[in-house]
Amino acid sequence: MPLAADWTIYRNNAGMSAVIYTGANRLDGTGSLELRYATGGTQVNLVRTKDPRRFSSGRARFLFGRSDSNNTGDNPGFAFMLSQENITGGAGTAYLVTMTRPGASLNPRLYRCSAGITTKSLLATGASLTLVAAPIAYPLEISWRLDVENLGGMSIVVRRGAAANYSGVALNWDTLLTTTEINYLDSSGFLTSTQGEGPALEVGGTNTGGNYWDQLSVVPLLVGGITT
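Worth saying up front: this structure is predicted, and the values here are computed from it rather than measured.

Formed by 39 residues in total, the largest nonpolar core has its most connected members in Phe 80, Tyr 95 and Trp 144. Top element by residues in this core is strand S10 (residues 136-147). It accounts for 5 residues. Counting residues in hydrophobic clusters, the runner-up holds 10 residues, among them Val 47, Leu 82, Ile 117 and Ala 200.

Attention now moves to the side chain of Thr 194. One can find Thr 194 in the loop between strand S13 (179-186) and strand S14 (198-202). The class of Thr 194 is buried, set by a relative accessible area of 15%. If sequence neighbours within four positions are ignored, Thr 194 has contacts with Arg 54, Phe 55, Ser 56, Met 81 and Leu 82.

Okay, the environment of Asp 28 next. Relative to the helices and strands, Asp 28 resides in the loop between strand S2 (16-21) and strand S3 (32-37). Asp 28 gets classed as buried once you look at its relative accessible area, which sits at 8%. Each C-alpha atom of the pair Asp 28 and Gln 215 lies 7.7 Å from the other, and the pair is 187 residues apart in sequence.

Let us look at the pattern of salt bridges. Where side chains of opposite charge bring their charged atoms close, a pairing between them can arise. By the definition in use, this model includes 10 salt bridges. With its nearest N and O atoms 3.6 Å apart, the salt bridge here joins Arg 53 to Asp 51. For Arg 53, a relative accessible area of 17% gives the class buried. Close ionic contact of Arg 159 with Glu 141 constitutes a salt bridge, the shortest N to O distance being 3.1 Å. Here Arg 159 is found in strand S11 (residues 153-160), whereas its partner Glu 141 is found in strand S10, with 18 residues between them in sequence. For Glu 141, a relative accessible area of 5% puts it in the buried group.

Going through the model one piece at a time under the given rule, you end up with 6 aromatic pairs. Taken together, a centroid distance of 5.9 Å and an interplanar angle of 25° make the contact between Phe 62 and Phe 78 stacked. In this pair, Phe 62 sits in strand S5 (residues 58-66) while Phe 78 sits in strand S6 (residues 75-80), placing the two residues 16 residues apart along the sequence. Taking the centre distance of 4.3 Å and the plane angle of 20° together, the rings of Phe 80 and Trp 144 count as stacked. Of the two residues, Phe 80 is situated in strand S6 and Trp 144 in strand S10; the sequence distance between them amounts to 64 residues. Since its relative accessible area comes to 0%, Trp 144 is described here as buried. The rings of Phe 62, Phe 78, Phe 80, Tyr 95 and Trp 144 are connected pair by pair, giving a single aromatic cluster. A cation over a ring is seen here: Lys 120 above Tyr 111, with NZ or CZ 5.6 Å from the ring centre.

Calculation notes
- Residues numbered from 1 in each chain as written.
- Predicted model: local features only at pLDDT ≥ 70, side-chain atom pairs only at ≥ 80, totals over all residues.
- Heavy atoms only, no water.
- Core = buried A, V, L, I, M, F, W, Y, C linked by side-chain atoms within 4.5 Å.
- Buried < 20%, exposed > 50% of the residue type's maximum accessible area, 1.4 Å probe, protein only.
- Helix = DSSP H or I, 4+ residues; strand = E, 2+ residues; numbered from the N terminus.
- Contact = heavy atoms within 4.5 Å.
- Salt bridge = Lys/Arg side-chain N within 4 Å of Asp/Glu carboxyl O.
- Phe/Tyr/Trp six-rings, centres within 6.5 Å; stacked < 30°, edge-to-face > 60°.
- Lys NZ or Arg CZ within 6 Å of the ring centre and 35° of its normal.

Below, the structure is given as structure tokens:
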């Protein structure tokens, strides 16, 4: 379906771009979601317009790739447990998992944002990964479980697979995700409200390189005894 029909797009400047990219760097099929700087701004996040969404405990799986011209300091990723849908422009609490480019590598990171994307506080960091360019992509899984009684807070796990070209490949997520990058229990000041979940980006400069998401699925998880 068209992007406009499925997602509400929030940005701190109209110059931040959120489109379906159909060029040679798409990750799979005929197009991938592309978030990038176009002419201005620094932040963009997306939330689905239709149910199912607003999972207090959930799991997201997607392919992530990037162009070879991204800025050092770009923070593309996935946001969840939002206190409000729009977390750009200095408002809204959220968790944010990113594939940050600190230099000549990629680095999985988990943040908690207190008042928008820019107010992120680092909670956990994964290993430095090889910096690759789309259509090469990393399979990623982010799961969050809110269970005050049994876990004592918010349990967040980030797993990934190997970097490869997955275009046209049937994704077997059960065997694809080989490495746990982050396993973190947020037991102090953890977030409990949710208004949505979806891709997000904070750019580190004015370079127009793209960040790509594909094969995105988000489902709820049951917690407290039996889990799925």
